[in-house]
Amino acid sequence: MIRVATAGWSYADWEGRVHPRPKPAGYHALDLLPTVFDGVEINASFYADMQPRVVDGWLERTEGSEFEFLVKLGGRFTHERERAFRLPSELRASLGAFRASLGRLPESDRCRALLAQFPLSFRPTERNCRYLWTLLDELRDWRVVLELRHREWYADERVEDCLERGASLAAIDLPEGPDHPPKGFAGAGPIGYLRLHGRSGAWFDAKVGRDPKYDYRYSPAEVRGLADLARRIDEQTQETHVVTNNHFSGQAVAAGVELLAELGRPPSSLPANWIEAFPDLARIAPGRGQQALF
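Residues numbered from 1 in each chain as written. Predicted model: local features only at pLDDT ≥ 70, side-chain atom pairs only at ≥ 80, totals over all residues. Heavy atoms only, no water.

Description of the pairing of strand E3 (residues 68-72)
Line of reasoning, step 1. When you tally the buried positions in E3, you get five out of five residues, the bulk of the element.
Line of reasoning, step 2. Bridging between strand E2 (residues 39-42) and E3 involves four bridges; their strand directions are parallel. Across the sheet, the residue bridging to Gly-39 is Glu-68, located in E3.
Line of reasoning, step 3. As paired elements, E3 and strand E4 (residues 111-117) share four bridges and run parallel to each other. Opposite Phe-69, over in E4, you have Cys-111 as the bridge partner. (Buried < 20%, exposed > 50% of the residue type's maximum accessible area, 1.4 Å probe, protein only. Helix = DSSP H or I, 4+ residues; strand = E, 2+ residues; numbered from the N terminus. Pairing = 2+ DSSP bridges.)

See the structure below:
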């Protein structure tokens with residue numbers, strides 16, 4: 001089964017659209033998202049190490065379900081590596097701290113993958129390759145998926161280098177650009193991982209902040225194309241995850257619902273505020289949304 005997840009679940013611009021406002025007493029996003037989606041990608045771990053008790057609480061809150069977690073590797077390992085680590089021993093110690101911060105999650109069978117997302121500036125130079133091979137060696141007991149945004153990584157020999165070290169390569173939906181991965185690349189390796197960032201032209205504007213880059217609503221035709229790509233990926237992998245990261249104003253949630261429907265698994269119900277925010281979702285769950293889930 002192709003599993004659909006959102007990237008993150010707590011954004012200020014989701015309030016009143018994805019999450020109710022005001023929130024009822026005891027409300028938690030992980031009571032809501034598992035009613036619709038198969039999992040979530042933990043993005044907070046990119047910005048700082050987590051607190052084990054918090055992560056353990058997420059597992060406990062979803063205990064008894066098949067709801068899955070995908071973990072994003074800390075940004076110091078991908079974006080700040082040259083400032084953060086001078087010696088392999090420093091890298092090893094920092095990875096140990098990162099893992100410890102995730103509590104019981106790394107040993108849980110509901111932790112399905114570790115995503116290492118590198119920036120466009122990370123090209124396959126000799127130095128960068130040496131670092132990546134060292135990192136993958138240190139992460140050999142994880143199920144690693146690489147998000148490599150520069151086109152030069154997609155030469156056959158570079159892809160093979162990554163696969164030989166046990167990593168999978170994500171397929172990435174981005175605005176088209178001369179240095180971006182080849183259009184239609186279906187990933188490689190045992191784990192299928194399709195990450196959807198949207199196709200906003202603001203992606204290339206250095207003057208804008210984060211939100212405009214992820215402010216994108218996929219059209220029905222684009223959703224059909226992405227579902228076809230997910231099926232292609234699933235034909236060649238052991239498992240497939242599609243992660244919606246066009247998060248601005250909750251559009252990742254709308255994309256996820258539409259993908260589930262296109263994949264033949266429409267949600268049986270949707271929260272009323274989701275349909276209020278995205279009225280066209282009513283066609284997927286007709287007659288639903290009249291009652292809020294919380």
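With respect to the packing of aromatic side chains
Line of reasoning, step 1. Going through the model one piece at a time under the given rule, you end up with twelve aromatic pairs.
Line of reasoning, step 2. Judged by centre distance (6.1 Å) and plane angle (25 degrees), the rings of Phe-37 and Trp-274 are stacked. With Phe-37 in the loop between helix H1 (29-32) and E2 and Trp-274 in helix H11 (residues 272-277), this residue pair connects regions lying 237 residues apart in the sequence.
Line of reasoning, step 3. With relative accessibility at 3%, the residue Phe-37 sits in the buried group.
Line of reasoning, step 4. Taken together, the ring pairs in this structure connect Phe-77, Phe-85 and Phe-98 into an aromatic cluster.
Line of reasoning, step 5. Taking the ring centre of Phe-278 as reference, the NZ or CZ of Arg-17 above it sits at 5.1 Å.
Line of reasoning, step 6. Stacked on the ring of Trp-133, the Lys or Arg Arg-165 has its end atom at 4.1 Å from the ring centre. (Phe/Tyr/Trp six-rings, centres within 6.5 Å; stacked < 30°, edge-to-face > 60°. Lys NZ or Arg CZ within 6 Å of the ring centre and 35° of its normal.)

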